[in-house]
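Spelled out from the first residue to the last, the chains are:
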Amino acid sequence: MIGNEKIVFSGVQPSGNLTIGNYLGAIRNFTGFAEEGYKTFYCVVDLHAITVRQVPADLRRRTYETLALYLACGLDEKKNTLFVQSQVPAHAELGWILDCYTMFGELSRMTQFKDKSAKHAENINAGLFTYPSLMAADILLYQTDVVPVGVDQKQHLELARDIANRFNQVYSDTFTVPEPYIPKTTMKIMSLADPAAKMSKSDENQNAVVYILDSKDDVIRKFRRAVTDSGSEVRASEDKPGVTNLISIYRAFTGKTVEEVEREFAGKGYGEFKTAVGEACADGLAPVREEFARLIADKAHLEEIMKAGAETASYYARKTMSKVRRKIGFVG
Ligand code: TYM
């Protein structure tokens, strides 16, 4: 909360090509808040991305691309503050401070840390470990009330709340304690090759992942190859994780209920259903793809947006930082 304005903050890492998991689970849900009267901050979190080794030219290109995708997905830079994390140094500053109020044991329990350290055994760096306290800094810096994310970030959000409460208890009220916003249908879009695994931008199997910028043909081809379950009935249930995932994706693009989808495909096979999901997804993404192509061609414009966003974000970040510095006992 700033004054009587409610605040929304969220971020996406420029660490790979963005997927329909990122789109449906997060970015698409960012768009309604400004219209509803919230003050919104959407960040490209490049500091987080370097917890895994990045090729510098790729990181730079993806930072522009992620910003262009925010815009292409319908975030108007005049109504939302869109910015790049490393251009607002207060994130790193508060990140360090919050490291000192985050326990080793808490960070050791984070499932993302455990997964990523298993995957990058050669590079289990300190940043990977303290990733969640930097994420808490992102959120707490803006006195955030609501954080729209996919369910994989829920544990990090809970830790951010614990850190905020701990700091507030030691120093009196300093940070707003944030709430996650996790819409159920799209909270976890699963891999098309393995319905037990989350769809992830770092998956090496290209057929498991649908990217926001995939061509219509690729989208349809990937859905046609999607792993389904035994039987032939299009029905959402626990014993049909593949079909259930496809139903969620179809619902997200068509706005239909589970019952409507089941009725629509009653008596029809998986083949027809998968083609329909592919078409709905490709059609839903087409306007995003077109807008993206237009926006990415104008780097100077993207740089102007980044610059203005960083200035606005810095203004609010400074307010929180001066409060934090004073309470801790830093001089000046
Ligand atoms: P990242 O870049 O991995 O993912 C960005 C957003 O997409 C969501 N998401 C998904 N949702 C549903 N199904 C999926 N398969 C799927 N894959 C990804 C993520 O939950 C996320 O909301 N730590 C964050 C970035 C971050 C952040 C923050 C987020 C840094 N600071 C502060 C919120 C607030 C992350 O790794 O996102």
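For every chain, the first residue of the written sequence is number 1, and numbering continues from 1 onward in sequence order. Side-chain atom pairs in this predicted model are given and counted only at pLDDT of 80 or more, local residue features only at pLDDT of at least 70, and totals for whole chains, interfaces and linings cover all residues. Calculation of side-chain values draws on the structure's entire complement of heavy atoms; hydrogens and water are dropped beforehand.

**Q** Explanation requested: the pairing of strand S1 (residues 7-12) in the structure shown.
**A** Regular strands place side chains that alternate from one sheet face to the opposite one. Extensive coverage of S1 is indicated by the burial of five of its six residues. Here six bridges tie S1 to strand S2 (residues 39-44), and the two strands are oriented parallel to one another. Within S2, the position partnered with Ile 7 by the bridge is Lys 39. Buried, partly exposed and exposed residues are distinguished by accessible area as a fraction of the type maximum, computed with a 1.4 Å probe on protein chains only: under 20%, between the cut-offs, and over 50%, respectively. Secondary structure elements follow DSSP: runs of H or I of four or more residues count as helices, runs of E of two or more count as strands, with numbering from the N terminus. Strands were regarded as paired on the criterion that DSSP finds at least two bridges between them.

**Q** Whenever I open this one, the environment of Leu 107 confuses me. Can you help?
**A** On the secondary structure map, Leu 107 appears in helix H6 (residues 104-108). Here the alpha-carbon distance between Leu 107 and Ala 276, two residues 169 residues apart in the chain, equals 43 Å. Contacts are residue-level and defined by heavy atoms, with any inter-residue pair within 4.5 Å sufficient. Beyond its immediate sequence surroundings of up to four residues, Leu 107 is in contact with Thr 102, Phe 113, Phe 129, Thr 130, Pro 132 and Leu 159.

**Q** Just checking my understanding: could you explain the site of the ligand for this structure?
**A** One heavy atom within 4 Å of a molecule or strand makes the whole residue count as near it. For the ligand, the set of nearby residues contains 27 residues, the closest of which are Tyr 131, Asp 138, Asp 152, Ile 189 and Lys 201. In the environment of the ligand, an oxygen atom lies 2.9 Å from a nitrogen or oxygen atom belonging to the backbone of Gln 13. In the environment of the ligand, a nitrogen atom lies 3.0 Å from a nitrogen or oxygen atom belonging to the backbone of Met 199. For accessible areas, the Shrake-Rupley method is used with a probe of radius 1.4 Å. Any residue's cover is judged against the shown protein chains and nothing else. Computed on the free molecule, the ligand has an accessible area of 700 Å², of which 97% lies beneath the protein chains in the complex. For the shell around the ligand, the secondary structure elements donating two or more residues are S1, helix H1 (20-30) and helix H8 (126-140). Any residue that is not Ala, Val, Leu, Ile, Met, Phe, Trp, Tyr, Cys, Pro, Asp, Glu, Lys or Arg is counted as polar, Gly included; the first ten are nonpolar and the last four charged. By residue class, the composition of the shell around the ligand is twelve nonpolar, ten polar and five charged. Here a polar contact means two N or O atoms within 3.5 Å. Within protein one must be a hydrogen donor candidate and the other an acceptor candidate, and residues neighboring in sequence count only if both atoms are side-chain atoms.

**Q** What am I meant to see in the domain arrangement of the protein here?
**A** It is common to give the size of an interface as the accessible area lost on bringing the parts into contact. By convention here, the domain bounds are inherited from an automatic or database domain assignment. The assigned domain composition of the protein is domain 1 (7-186 + 298-328) and domain 2 (206-293). Once you take the C-alpha centre of each, domain 1 and domain 2 turn out to be 30 Å apart. Between domain 1 and domain 2, the contact holds 14 residues from the first and 16 residues from the second. Counting the surface lost from both domain 1 and domain 2, the interface buries some 1300 Å², and carbon and sulfur atoms represent 78% of this. Each reported salt bridge corresponds to a side-chain nitrogen of Lys or Arg within 4 Å of a carboxyl oxygen of Asp or Glu. Across the contact surface, domain 1 and domain 2 share zero salt bridges. The set of elements that each furnish at least two residues to the side of domain 1 that touches domain 2 consists of H1 and helix H4 (56-72). Counted by class, the side of domain 1 that touches domain 2 contains eight nonpolar, four polar and two charged residues. Buried area, as used here, totals the accessible surface that two parts lose on assembly, with accessibility defined by a 1.4 Å probe and the loss added over both.

**Q** It is not clear to me how unusual backbone geometry should be interpreted in this structure. Could you clarify?
**A** Negative phi is the rule for most residues except glycine; trans is the rule for most peptide bonds. In this structure, Gln 143 is a non-glycine residue whose phi angle is positive, near 55°. Here Gln 143 lies in the loop between H8 and strand S4 (146-148). Judged by relative accessible area, which is 8%, Gln 143 ranks as buried. Backbone geometry at Ser 172 places phi at a positive 75°, although glycine is not the residue there.

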